[in-house]
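So the chains spell out like this:
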Amino acid sequence: QVQLVESGGGLVQPGGSLRLSCAASGNIFSFNAMTWYRQAPGKQRELVARISSDGTTSYAESVKGRFTISRDNTKNTVYLQMNSLKPEDTATYSCNAWRPPDGYWGQGTQVTVST
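Everything in this summary refers to the structure shown in the same document.

What counts as what
Residues numbered from 1 in each chain as written. Predicted model: local features only at pLDDT ≥ 70, side-chain atom pairs only at ≥ 80, totals over all residues. Heavy atoms only, no water. Disulfide = S-S within 2.5 Å. Helix = DSSP H or I, 4+ residues; strand = E, 2+ residues; numbered from the N terminus. Buried < 20%, exposed > 50% of the residue type's maximum accessible area, 1.4 Å probe, protein only. Contact = heavy atoms within 4.5 Å. Phe/Tyr/Trp six-rings, centres within 6.5 Å; stacked < 30°, edge-to-face > 60°. Lys NZ or Arg CZ within 6 Å of the ring centre and 35° of its normal. Core = buried A, V, L, I, M, F, W, Y, C linked by side-chain atoms within 4.5 Å.

## Brief notes about the state of the cysteines
Then, in step 1: Under the criterion given, the structure shown has one disulfide.
Then, in step 2: Linked covalently through their sulfurs, C22 and C95 form a disulfide whose S-S length is 2.1 Å. Around the S-S axis, the bridge from C22 to C95 shows a dihedral of about -80° and counts as left-handed. Of this pair, C22 sits in strand 3 (residues 18-24) while C95 sits in strand 9 (residues 91-99), and the two are 73 residues apart along the sequence. Accessibility classification places C22 together with C95 in one group, the buried group.

Quick look at the structure:
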């Protein structure tokens, strides 16, 4: 059973930065992709950033140039560096690991961008 544990969320002022971590119980290199999603109250969950096993990354248009996804295979951890945060980035951020046909989820970490 794969376990994912997110951390690093919190309250930050607009323009600030946070780094989220997603620690996996297994070898993340074995997953086809690791993805950060977010969901704000009353809104659908949306893909934020993805990193494939070959290192290819992709981002939602709303976060391009501000967020960076990366991974450390030695620590089985995926990161989401979030800069220039905006109030509209407020959401619960969750990590997903995909190894067909299965997908695994963490419990999520809350990010609140507010004065």
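## Thoughts on the side chain of S21
Then, in step 1: Within the secondary structure, S21 sits in strand 3.
Then, in step 2: In contact with S21, other than residues within four places in its own chain, are V5, E6, S7, W36, T77, V78 and Y79.

## Structural notes on the packing of aromatic side chains
Then, in step 1: Within this structure, the stated rule accounts for two aromatic pairs.
Then, in step 2: An angle of 50° between the planes, with centres 5.1 Å apart, marks the rings of Y37 and W105 as tilted. Of this pair, Y37 sits in strand 4 (residues 33-39) while W105 sits in strand 10 (residues 102-105), and the two are 68 residues apart along the sequence.
Then, in step 3: Its guanidinium or amino end placed over the ring of Y37, R45 lies 5.6 Å from that ring's centre, counting from NZ or CZ.

## With respect to the nonpolar core
One recurring pattern in soluble globular proteins: nonpolar side chains tend to sit buried together.
Then, in step 1: Core analysis: the largest hydrophobic core is formed by 30 residues, its most contacted members being L4, M34, W36, L80, M82 and Y93.
Then, in step 2: Elements represented by at least two residues in this core include exactly strand 3, strand 4, strand 5 (46-52), strand 7 (67-72), strand 8 (77-82), strand 9 and strand 11 (109-113).
Then, in step 3: Excluding anything up to four places from it in sequence, L4 contacts C22, A23, A24, M34, C95, N96, A97, Y104, W105, G106 and Q107.

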